[in-house]
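Breakdown of the fold
Here is how the chains run, residue by residue.
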Amino acid sequence: MQPRSEEVTHLERLQAELGKHGLDAKLITKGSRSYLKVANPNTPELNERVLCHAAEDESLCFWWPWRQPIGSVDDLEVVAEKIAAVLRSVEGPS
């Protein structure tokens, strides 16, 4: 059995935090790469992948797939709030 990576541990911590914000998050592993597939359960079309890897300064961060950092693995609540804001449903005028 392969040892669990530090990145997977942080993704699992974020997965639990996202659940507190009402989002569905599933840990996906493909080969040696893992990411969270995060979705708004009220609007499943609103979904995105979240990755975890080192920044230029070698600190671990969560990232959008378009290589924009979301935040540090030490700021779970802030990161979860940013993801929730991106995936929130917005109702337009009737």
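As the structure is a prediction and not an experimental result, all values here were calculated from the model.

So, on to the overall build of the protein. When its secondary structure is counted, the protein shows two helices and five strands. Compactness check: the protein gives a C-alpha radius of gyration of 14 Å against a globular reference of 12 Å for 94 residues, within 12% of the reference. The C-alpha extent of the protein, read off along each of the three principal axes, is 50 × 30 × 25 Å. Burial statistics for the protein: of 94 residues in total, 35% are counted as buried.

Bringing helix α2 (residues 76-86) into the picture now. Every α-helix carries 3.6 residues per turn, so stepping three or four residues along brings you back to the same face. Listing the buried residues of α2 in full gives Leu-76, Val-79, Ala-80, Ile-83 and Ala-84. The buried residues of α2 occupy an angular sector of 135° when the element is viewed end-on, so they sit on one face. Where α2 is buried, its residues contact α1 (6-20), β2 (33-40), β3 (43-54), β4 (60-63) and β5 (69-72).

What follows concerns unusual backbone geometry. The phi dihedral of Glu-58 is positive, around 75°, even though this residue is not glycine. Mapped onto the secondary structure, Glu-58 falls in the loop between β3 and β4. Of the residues examined, Glu-58 reaches a relative accessible area of 63% and is grouped as exposed. Non-glycine residue Arg-67 carries a positive phi angle of around 65°. Along the chain, Arg-67 turns up in the loop between β4 and β5.

A word on the side chain of Glu-17. In this fold, Glu-17 is placed in helix α1. Residue Glu-17 is classed as buried on the basis of its relative accessible area of 13%. Setting aside chain neighbours within four positions, we find Glu-17 in contact with Leu-76, Glu-77 and Ala-80.

The interhelical angle for the contact between α1 and α2, taken along N-to-C directions, is 60°, at an axis separation of 9 Å. Comparing the axis directions of α1 and α2 gives the class oblique. In the packing of α1 onto α2, the handedness of the crossing is right-handed. For the pair formed by α1 and α2, the contact residues are Arg-13, Leu-14, Glu-17 and Leu-18 on the first element and Leu-76, Glu-77, Val-79, Ala-80 and Ile-83 on the second.

Conventions and cut-offs
Residues numbered from 1 in each chain as written. Predicted model: local features only at pLDDT ≥ 70, side-chain atom pairs only at ≥ 80, totals over all residues. Heavy atoms only, no water. Helix = DSSP H or I, 4+ residues; strand = E, 2+ residues; numbered from the N terminus. Rg over C-alpha atoms; globule rule 2.2 N^0.38 Å. Buried < 20%, exposed > 50% of the residue type's maximum accessible area, 1.4 Å probe, protein only. Arc of directions from axis to C-beta. Contact = heavy atoms within 4.5 Å. Axes fitted to C-alpha atoms, helices over the stretch in contact; angles between N-to-C directions. Parallel < 35°, antiparallel > 145°, perpendicular 65-115°, else oblique. Left-handed = near helix turned anticlockwise from the far one by under 90°.

Taken by themselves, the reported measurements are silent on function.
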